[in-house]
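The residues making up each chain are set out below.
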Amino acid sequence: MSTFEQTEQRQATPLRTTRPGSDGEHLVQQRMGTAERADRFYAEQVLDRLNPRMREFVARQEMFFLATADRHGNCDNTFRAGPPGFLHVLDDGTLAYPEYRGNGVHASLGNIEENPHVGLLMVDFFRDRVGLHVNGRARVVTDEEMREAHSGLAVDPVPGRRALVWVEITVQEAYIHCAKHIPHLEKIPRQGRPGRSWGTDDVRRKGGDFFGAAADAPERGVFLPPPRACASSWRAEAERVVARAADRSSEAGAFSGWFSRDASA
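Each value, and the rule that gives it
Residues numbered from 1 in each chain as written. Predicted model: local features only at pLDDT ≥ 70, side-chain atom pairs only at ≥ 80, totals over all residues. Heavy atoms only, no water. Helix = DSSP H or I, 4+ residues; strand = E, 2+ residues; numbered from the N terminus. Buried < 20%, exposed > 50% of the residue type's maximum accessible area, 1.4 Å probe, protein only. Contact = heavy atoms within 4.5 Å. Areas by Shrake-Rupley, 256 points an atom, 1.4 Å probe, with all protein chains shown as cover. Core = buried A, V, L, I, M, F, W, Y, C linked by side-chain atoms within 4.5 Å. Pairing = 2+ DSSP bridges. Axes fitted to C-alpha atoms, helices over the stretch in contact; angles between N-to-C directions. Arc of directions from axis to C-beta. Phe/Tyr/Trp six-rings, centres within 6.5 Å; stacked < 30°, edge-to-face > 60°. Lys NZ or Arg CZ within 6 Å of the ring centre and 35° of its normal. Parallel < 35°, antiparallel > 145°, perpendicular 65-115°, else oblique. Nonpolar A, V, L, I, M, F, W, Y, C, P; charged D, E, K, R; others polar.

Examining the overall build of the protein chain
Right, so step 1: Helix and strand counts for the protein chain stand at eight helices and seven strands.
Right, so step 2: Counting every position in the protein chain, which comprises 265 residues, the buried fraction comes to 30%.
Right, so step 3: For the protein chain, the proportion of contacts with a sequence separation of at least 24, taken over those separated by at least 6, is 70%.
Right, so step 4: Surface accessibility of the protein chain: about 18,300 Å² in total, with carbon and sulfur atoms responsible for 54%.

Following this line, the structure appears as structure tokens:
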């Protein structure tokens, strides 16, 4: 491509003048003298979609880490696993994964109901020894709604891996997690080992009281759950809380992504 053609191509591409990331990280970059290095990373490595190599990477992952926070900013980080491809690439801007049966706490789903911002980290420990971050906005979708919209989704034959609901994620940022500190691990062959107990309520198979928390729990005092409201009144109150949070977010201005053309610098 000639220099003239390269110049024409650059002029046809919209300028990005908004820096990705938080005000806090920008402040720390200034303090640490890394702002120019960070800007090179933003410019060269941070996409607002999944390119073909990212999509291929996602499609073969068997696990990822999920970060969420509630409307007050209280954080939760958890782990999700499944067969390769359980984190579905619906298109270059959308991912979805099934929520399997777990301990019934639903911390991540609860946070998403209050605050849709999520962060995913996929790490390939076995082949490429590199990671991929995906940040975006999530929503909870019923299994019926997901299958109606995406008819090609297979039904997993393992009962414990049947979706209770789905989490659909609109990608806002996608970027590499560098390889230099990721260990190279090796999978142990399955021969002679019991398979995963998907969906089990067997305490021993779930890890039991590995950390001895049950013995320490009484030190916090007796746990007496407050009386539960009836389902309909509880749901109505929860919906009011979430609606108030949504109204506050809308008053502050809807987030349109770091790469929107009308974003201010």
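Brief notes about the nonpolar core
Right, so step 1: Residues F64, L87, L95, L120, M122, V134 and I169 are the most contacted members of the largest nonpolar core, which totals 26 residues.
Right, so step 2: Of all the elements in the fold, those that place two or more residues in this core are α4 (52-59), β1 (63-69), β4 (94-99), α5 (107-114), β5 (117-124), β6 (130-142) and β7 (165-177).
Right, so step 3: Those residues in contact with I169 that lie beyond four places of it in its chain are G93, T94, L95, Y97, V118, L120, G136, R137 and A138.
Right, so step 4: V141, M146, L153 and W166 belong to the second-largest nonpolar core, a separate cluster that totals six residues.

Digging into the sheet that holds strand β2 (residues 75-81)
Right, so step 1: What the seven strands build is an open sheet, ordered β2-β1-β5-β6-β7-β4-β3; its pairing is antiparallel. The open sheet has two free edges, formed respectively by β2 and β3 (88-91), since each of these has just one partner strand. Strand after strand, the sheet turns through a mean of 35° between neighbouring axes, direction not considered.
Right, so step 2: Where β6 and β7 come together, 12 bridges link them in antiparallel fashion. By the bridge assignment for β7, N135 is matched with E173.
Right, so step 3: Together, β3, β4, β5, β6 and β7 form the strand contacts of α4, whose direction differs from that of β6 by roughly 75°.

A few points about the side chain of R161
Right, so step 1: The residue R161 is located in the loop between α6 (143-149) and β7 in this model.
Right, so step 2: The class for R161 is buried, based on a relative accessible area of 17%.
Right, so step 3: Discounting residues that sit within four places of it in the chain, R161 has contacts with P83, Y100, D156 and W198.

Details of α4
Right, so step 1: M54, F57 and V58 are the residues of α4 that are buried. Looking down the long axis of α4, one finds its buried residues gathered within 95° of arc, a one-sided arrangement. Exposed residues pointing more than 90 degrees away from the buried face of α4 are listed as P52 and R53.
Right, so step 2: The inward-facing, buried residues of α4 abut β3, β4, β5, β6 and β7.

A short note on the packing of aromatic side chains
Right, so step 1: Counting across every chain of the model gives five aromatic pairs.
Right, so step 2: Ring geometry for F65 and F79: centres 5.6 Å apart, planes at 55°, overall tilted. Taken as a pair, F65 in strand β1 and F79 in strand β2 lie far apart in primary sequence, 14 residues in all.
Right, so step 3: Overall, F65 belongs to the partly exposed group, its relative accessible area being 28%.
Right, so step 4: Between F125 and F126 the ring centres are 6.4 Å apart and the planes differ by 70°, which places this aromatic pair in the edge-to-face class.
Right, so step 5: By way of ring pairs, the aromatic residues F64, F86 and Y97 are connected into one cluster.
Right, so step 6: The lysine or arginine in question, K187, covers the ring of F126, its NZ or CZ lying 5.2 Å from the ring centre.

Comments concerning the packing of helix α2 (residues 23-32) against helix α3 (residues 35-45)
Right, so step 1: Contact geometry of α2 with α3 gives a least axis separation of 8 Å together with a crossing angle of 135°. Our classification of the angle between α2 and α3 gives oblique. Across from E25, H26, Q29 and Q30 in α2, the residues of α3 making contact are A35, A38 and Y42.
Right, so step 2: Residues of the contact of α2 with α3, tallied by class, amount to three nonpolar, three polar and one charged.

Observations concerning the environment of R60
Right, so step 1: Residue placement: R60 occurs in the loop between α4 and β1.
Right, so step 2: Judged by its relative accessible area of 22%, R60 is partly exposed.
Right, so step 3: For the pair R60 and P83, spaced 23 residues apart in the sequence, the C-alpha separation amounts to 8.6 Å.
Right, so step 4: In this structure R60 touches P84, D124, R127 and D128, once residues within four positions along its chain are discounted.

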